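An overview of the molecular structure
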Amino acid sequence: MSWQQLHLQCPQSAVELAEALFYEVGAVSILLEDAGDEPLFEPMPGEEPLWSEVVMTAIFDTNSDDTFAHTNFENLISDIASEVNASRFWLSSLEDKDWTREWMSHYKPIKCAGNLWIVPEWLDAPEPDAINLILDPGLAFGTGYHATTRLCLDWLSQQDLTDKLVIDYGCGSGILAVAALLLGAKEVLAVDIDPQAILATTQNAKLNQVSDRLKVFLPDEFIAHRKDNPQLADTITANILAKPLIGFAPYFAELLKPNGSIVLAGLIRSQTDEVVQAYEPHFELDPAFAYDNAEDSHWHRLSGHKK
């Protein structure tokens with residue numbers, strides 16, 4: 001069994017019309033992809049930016065009934081492509097699969113610095129005696145595959161976290177929070193604006209048997225918690241984006257002990273100078289660090305300590 005896919009490339013201005021036309025003739029899903037290599041960075045609230053040239057893929061369920069038994073998909077895509085001034089169009093089939101297992105098959109254990117491994121919960125640990133962080137990525141950011149996450153994990157593995165209080169701001173899947181606990185932290189306070197991240201972090205803490213040392217909060221809940229528990233943190237991790245990191249600089253200074261350590265990620269090279277400028281009044285930061293490989297070299301990490 002297979003699904004019929006109709007693809008076309010069109011300018012950004014034609015995307016809305018093309019979507020409407022595809023849905024009108026029975027598409028069950030539409031995928032938008034960059035037609036070139038055009039980066040999109042940090043949209044403002046309410047913005048939904050698109051690339052100047054977009055490849056659209058409309059998927060049609062030809063398995064469920066006879067709705068499309070007599071449909072000429074070549075004529076259909078040709079007509080829609082003409083309507084939206086598409087520069088090219090083509091057809092393909094998508095084979096039916098067990099998509100849950102297909103998704104899982106792309107994840108492998110990841111070795112980080114030191115003795116730390118990230119192990120998907122459905123796989124065996126390559127080194128049973130290592131520090132193995134068992135992870136279910138769920139729907140939150142943080143699988144260990146992205147360079148920004150690995151940069152923070154490598155930094156954490158080099159710190160002495162024994163009996164330390166750590167704040168993970170923007171916890172996502174909880175990967176940094178759980179790693180800190182496995183590396184010896186006494187307690188971690190994890191914060192995120194996304195309720196799905198709260199759920200994922202809680203579940204991954206249970207998988208690693210560290211729930212008793214982890215507290216998870218939405219931002220307002222964290223503020224309320226600190227009113228009753230004003231203890232300052234020894235370490236802060238924040239793998240988010242440049243703009244919120246810049247805004248959080250004075251707040252993070254309030255949360256951290258003097259000489260407490262901090263690691264910031266989610267930055268490309270052109271953003272690091274502005275972030276450093278925001279943190280200089282409160283922190284001594286080391287030079288920006290990036291992996292020495294072409295695939296990840298544009299992602300940078302900042303770390304240092306509070307003055």
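Only a predicted model underlies this, so the values are computations on that prediction, with no experimental measurement involved.

Definitions and cut-offs
Residues numbered from 1 in each chain as written. Predicted model: local features only at pLDDT ≥ 70, side-chain atom pairs only at ≥ 80, totals over all residues. Heavy atoms only, no water. Salt bridge = Lys/Arg side-chain N within 4 Å of Asp/Glu carboxyl O. Helix = DSSP H or I, 4+ residues; strand = E, 2+ residues; numbered from the N terminus. Buried < 20%, exposed > 50% of the residue type's maximum accessible area, 1.4 Å probe, protein only. Pairing = 2+ DSSP bridges. Axes fitted to C-alpha atoms, helices over the stretch in contact; angles between N-to-C directions. Contact = heavy atoms within 4.5 Å.

1. Let's talk about the pattern of salt bridges
Between side chains of opposite charge, a pair can form as their charged atoms come close. The full count for this structure, using the stated rule, is four salt bridges. Note that R150 is salt-bridged to D296, the shortest N-O span being 2.4 Å. You can see R150 sitting in helix α4 (residues 147-157) and its partner D296 sitting in the loop between β13 (283-285) and β14 (299-306), a full 146 residues away along the chain. As far as burial versus exposure is concerned, R150 and D296 are alike and both buried. Taking the shortest distance from any N to any O, the salt bridge between D234 and K257 comes out at 3.0 Å. In this pair, D234 sits in strand β11 (residues 233-239) while K257 sits in strand β12 (residues 256-268), placing the two residues 23 residues apart along the sequence. Take K257: its relative accessible area is 30%, and that puts it in the partly exposed class.

2. A look at the sheet that holds β13
The mixed open sheet is built from seven strands, whose spatial order is β10-β9-β8-β11-β12-β14-β13. Two strands in the sheet have a free side with no partner beyond their single neighbour: β10 (214-217) and β13. Between one strand and the next, the sheet's axes are offset by a mean angle of 20°, whatever the strand orientation. Of the strand pairs in this sheet, β11 and β12 are connected by six bridges, and their pairing is parallel. Residue I236 lies in a different strand from β12, and its bridge partner there is I262. Its contacts with the sheet put α4 on β11, β12 and β14, and the angle it makes with β14 is roughly 35°. Of the strands in this sheet, β8 (165-169), β11, β12, β13 and β14 are in contact with helix α8 (residues 242-255), which crosses β12 at around 175°.

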